[in-house]
Amino acid sequence: MALQGTIDGFGVVDVLQLLSASRKSGRLVIEGDRGVGQLFVRDGELTGGTIRGREVGDGVEIVFELLRFGEGAFLFEPGTTSDVEGFPAAGVPEVRREADARLEGGLAIEAVVPTAAHRLALEPELGVDEVTLSGAEWQVVVAAGAGASVAELAAQGGLDELAASTTVAGLV
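Scope of this entry: the structure provided in the associated data block. From a predicted model like this one, the values you see are computed outputs, not experimental measurements. (Residues numbered from 1 in each chain as written. Predicted model: local features only at pLDDT ≥ 70, side-chain atom pairs only at ≥ 80, totals over all residues. Heavy atoms only, no water.)

### Remarks on empty space enclosed by the protein
Quick reminder of the rule: Grid points spaced at 1 Å and placed over the protein atoms alone form the basis of the search, with a cavity being a set where a 1.4 Å probe fits but cannot get out and a pocket an open set showing protein on both sides within 12 Å along at least five of seven lines. Lining residues have an atom within 4 Å of a point. Grid points are joined across faces, edges and corners, and a volume is the space filled by probe spheres set on the points. Here a helix means four or more residues in a row that DSSP labels H or I, a strand means two or more in a row labelled E, and each is numbered from the N terminus. Three categories are distinguished: nonpolar for Ala, Val, Leu, Ile, Met, Phe, Trp, Tyr, Cys and Pro, charged for Asp, Glu, Lys and Arg, and polar for the others, with Gly belonging to the last.
By the definition in use, this model includes two cavities of 30 Å³ or more. Forming the boundary of the largest cavity are 13 residues, of which Arg 68, Glu 110, Glu 161, Leu 162 and Ser 165 lie nearest the centre. Going through the elements one at a time, α3 (92–110) and α6 (161–171) are the ones with two or more residues in the lining of the largest cavity. Per-element accounting of the lining of the largest cavity gives the leading share, four residues, to α3. Within the lining of the largest cavity, the residues separate by chemical class into seven nonpolar, three polar and three charged. Empty space within the second largest cavity amounts to approximately 40 Å³. Taken together, Val 13, Leu 16, Leu 46, Val 63, Val 92, Val 95 and Arg 96 make up the lining of the second largest cavity. Secondary-structure elements contributing two or more residues to the lining of the second largest cavity are α1 (12–21) and α3. Within the lining of the second largest cavity, the residues separate by chemical class into six nonpolar, no polar and one charged.

### Some thoughts on helix α4 (residues 135–145)
An α-helix turns once every 3.6 residues. As a result, residues three or four positions apart point the same way. So the rule is basically this: Burial classification: accessible surface area is computed with a 1.4 Å probe over protein chains only, and a residue below 20% of its type maximum counts as buried, one above 50% as exposed, and the rest as partly exposed. Here the arc refers to the set of directions running from the helix axis out to each C-beta atom. Any two residues whose heavy atoms approach within 4.5 Å are treated as being in contact.
Listing the buried residues of α4 in full gives Val 140, Ala 143 and Ala 144. Taken around the axis of α4, the buried residues stretch over an arc of 100°, which confines them to a single face. The exposed residues of α4 that point more than 90 degrees off its buried face are Gly 135 and Gly 145. Among the structural elements, α5 (150–157) and α6 are those in contact with the buried residues of α4. Positive backbone phi, approximately 75°, marks Gly 147, located one or two places after α4.

### Some points on a negative patch on the surface
The line we're drawing: Here, patches come from residues exposed beyond 30% relative accessible area and free of salt bridges, joined within 9 Å for like charges and within 5 Å for nonpolar side chains (Val, Leu, Ile, Met, Phe, Trp, Tyr). All accessible-area figures derive from a Shrake-Rupley calculation using a 1.4 Å probe, and residue coverage is judged against the displayed protein chains alone. Salt bridge, as applied in this entry: a Lys or Arg side-chain nitrogen positioned within 4 Å of an Asp or Glu carboxyl oxygen. For this count, His and the chain ends are skipped, Lys and Arg are scored as positive, and Asp and Glu as negative. Think of each charge as sitting on NZ of Lys, CZ of Arg, CG of Asp or CD of Glu.
On the surface, a cluster of negative charge is contributed by Asp 43, Glu 45, Asp 58, Glu 94 and Glu 98. Position of Asp 43 relative to the elements: it lies in the loop between β3 (35–42) and β4 (45–51).

### Comments concerning the pairing of strand β2 (residues 26–32)
The line we're drawing: Pairs of strands are assigned from DSSP output, requiring at least two bridges between the strands.
Of the pairings in the sheet, the one linking β2 to β3 comprises seven bridges and is antiparallel in character. Looking at β3, one finds that Ile 30 is bridged to Gly 37. Hairpin connection from β2 to β3: two residues lie between these consecutive antiparallel strands.

### Things to note about the side chain of Thr 47
As for its placement among the helices and strands, Thr 47 is situated in strand β4. Residue Thr 47 is classed as buried on the basis of its relative accessible area of 9%. Here Thr 47 is in contact with Phe 40, Val 41, Arg 42, Gly 86, Phe 87 and Ala 89, once residues within four sequence places are set aside.

### Quick look at the environment of Phe 87
Note on placement: Phe 87 falls in the loop between β6 (72–78) and β7 (90–91). Of the residues examined, Phe 87 reaches a relative accessible area of 8% and is grouped as buried. In this structure, the C-alpha to C-alpha distance between Phe 87 and Gly 49, residues 38 residues apart in sequence, is 8.5 Å. Setting aside residues no more than four positions away along its own chain, Phe 87 makes contact with Leu 39, Leu 46, Thr 47, Gly 48, Gly 49, Val 56, Gly 57, Asp 58 and Gly 59.

Function cannot be inferred from these measures alone, as they are strictly geometric.
Structure below.
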């Protein structure tokens, strides 16, 4: 039997804890204000997933992204197997702790880069005589000159949203 609801009524963490405690297996799909994410669970442990169609490297990355959804709906389909390359099985409590820590760091970055839709722009005055940039930082400067958004920068550089936002915030 499928489990479904909205994340404002029954949060992502609550759903994950329920699936973990009951040792469920299947696919959790969340559609919301930040896109679509899916997470595969086997015997209550996280084993694979995607966010906005991109496969993720570990449970922390996908739970971090899912925790950032402000609104949306979820559907758990028991017994559904993974069609994505998985990652090592991870327990929900450990993954949640790491994702929460990443989320706290992300809040400081969001103070500088509020959303992935945020457009980059160059400042006309540098404020110092000389600057040294890495190759990755230069790509951000070029994207800013073109008026790209953080999401576009991430896509061009093959980065996730957090990595692109972190790079932009560091340059700011």
